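# Inside the fold
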Amino acid sequence: MIFYKMIHKHWFAVLTLGMLVVTTGCHRGAKDSQSSGKKLPAGSSVWVAFYNVENLFDTDDDPGKDDSEFLPGSELDWTPEKYLEKLDNLTLAITAMNNGKGPDILGLAEVENAQTLSDWTKMTSLKSRNYEYVLEEGPDPRGIDVALMYDPALFAYQGHEVFAVDFPGEPDYITRPILRVDGTISGEEVSVVVVHWPSRRDGEKESEPRRIAAARAVNVAIKDRLADHPDSDIMIMGD
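First things first, this report covers the structure right here in the doc.

What counts and how
- Residues numbered from 1 in each chain as written.
- Predicted model: local features only at pLDDT ≥ 70, side-chain atom pairs only at ≥ 80, totals over all residues.
- Heavy atoms only, no water.
- Helix = DSSP H or I, 4+ residues; strand = E, 2+ residues; numbered from the N terminus.
- Buried < 20%, exposed > 50% of the residue type's maximum accessible area, 1.4 Å probe, protein only.
- Areas by Shrake-Rupley, 256 points an atom, 1.4 Å probe, with all protein chains shown as cover.
- Expected span 1.5 Å × (residues − 1).
- Arc of directions from axis to C-beta.
- Contact = heavy atoms within 4.5 Å.
- Pairing = 2+ DSSP bridges.
- Axes fitted to C-alpha atoms, helices over the stretch in contact; angles between N-to-C directions.
- Core = buried A, V, L, I, M, F, W, Y, C linked by side-chain atoms within 4.5 Å.

Once that is clear, we can look at the overall build of the chain. On a plain count of helices and strands, the chain comes out with 3 helices and 11 strands. Traced from its N-terminal end to its C-terminal end, the chain shows the element sequence β-β-β-β-α-β-α-β-β-β-β-β-α-β. Out of the 239 residues in the chain, the part that is buried amounts to 52%. Of the accessible surface of the chain, which amounts to about 11,900 Å², a share of 51% is contributed by carbon and sulfur atoms.

This is the structure:
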């Protein structure tokens, strides 16, 4: 059974092992070998969350990305001090979950690159969790991507794939791809699909076809996994 609750417009779920529900390329901060999650006692819970980190940019100019807003000297004057303060504030937010420990699996949206995740997991109190992460840099013009952070002691990473979102009739419209990360929890196959839906800033009616196109890509990611792993549980998260 999966229990959902809304906190500050960000979803989290607590999964009870043995009762999971099926919802029917790479930068990786991890060891070269696949992680091996431990076998958990029956009835144990794994805390799963999704969080939109709202423009997690470092202060370095990333060629090919429109990150000019988040550079020293810009209108925001994005300095190393402000960047570290943002990392600390994000840490406070996610460690408020799971009885102060932070989520065991955490999906993310609006991440600039793997360096920001490396900084976040090594330069803050999150380093005690030994989080590993998966991020593929996609073609989004602003350079924001989805990612997954996880505790390798609980989630054993097996692999991941990204799925591009195509927009019929709008070949020039570009958005971030869908990320699917595959692994096991206490020996049970689990895949996590992370999606950041196309914006509705052009209006709900105008943007609906784009969001449907993203949903089709999610469906492809699910079917692709179940074709070879029909017993895998699948979690979909995003905003």
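Next, the rest of the story.
The subject of this paragraph is helix H1 (residues 80-94). Over its 15 residues, H1 extends 21 Å from the first C-alpha to the last, a length consistent with the 21 Å expected when each residue adds 1.5 Å. Within H1, burial applies to Tyr83, Lys86, Leu87, Leu90, Thr91 and Ile94. The buried residues of H1 all sit within an arc of 140° when viewed along its axis, so they share a single face. Seen from the buried face of H1, the exposed residues on the opposite side, beyond 90 degrees, are Glu81 and Leu92. Here the buried face of H1 lies against strand S4 (45-56), strand S5 (105-111) and helix H2 (114-123).

Relative to the helices and strands, Gly37 resides in the loop between strand S3 (27-29) and S4. Distance from Gly37 to Phe155, taken between C-alpha atoms, is 5.1 Å for residues 118 residues apart in sequence. Every residue in contact with Gly37, bar those within four places of it in the chain, is listed here: Pro152, Ala153, Leu154 and Ala156.

So, on to the sheet that holds strand S10 (residues 188-195). As summarised here, the arrangement of the 4 strands in space is S8-S9-S10-S11, forming an open sheet in which the pairing is mixed. Only two strands of the sheet have a single neighbouring strand rather than two, namely strand S8 (155-163) and strand S11 (233-238). Each strand of the sheet is rotated relative to its neighbour by a mean of 20°, with strand direction disregarded. Sheet topology places S10 next to S11; 6 bridges connect them, and they run parallel. Each residue of the ladder has a partner; that of Val194, found in S11, is Met237. The sheet strands contacting helix H3 (residues 204-228) are S8, strand S9 (178-185), S10 and S11, and the helix crosses S9 at an angle near 30°.

Moving on to the nonpolar core. One finds Tyr51, Val53, Leu106, Leu108, Leu117, Trp120 and Met149 to be the most contacted residues of the largest nonpolar core, which totals 26 residues. At the level of secondary structure, the elements contributing two or more residues to this core comprise S4, H1, S5, H2, strand S6 (132-135) and strand S7 (145-150). Broken down by element, the residue count for this core peaks at 5 residues, all from S4. Apart from the residues lying within four places of it in its own chain, the contact partners of Leu108 are Phe50, Tyr51, Val53, Leu117, Trp120, Asp145, Val146, Ala147, Met149 and Val194. Membership of the second largest hydrophobic core comes to 21 residues, among which are Val48, Ile105, Leu148 and Tyr157.

The next subject is unusual backbone geometry. Positive phi values are uncommon outside glycine, yet Glu54 reaches one of about 50°. With respect to the helices, strands and loops of the structure, Glu54 is situated in strand S4. Phi at Asn130 is positive, roughly 55°, even though this residue is not glycine. With respect to the secondary-structure elements, Asn130 resides in the loop between H2 and S6.

It is worth spelling out H3 at this point. Under the 1.5 Å per step criterion, the end-to-end length of H3 is 36 Å for 25 residues, consistent within 8% with the ideal 36 Å. Among the residues of H3, those classed as buried are Ser207, Arg210, Ala213, Ala214, Ala217, Val218, Ala221, Ile222 and Arg225.

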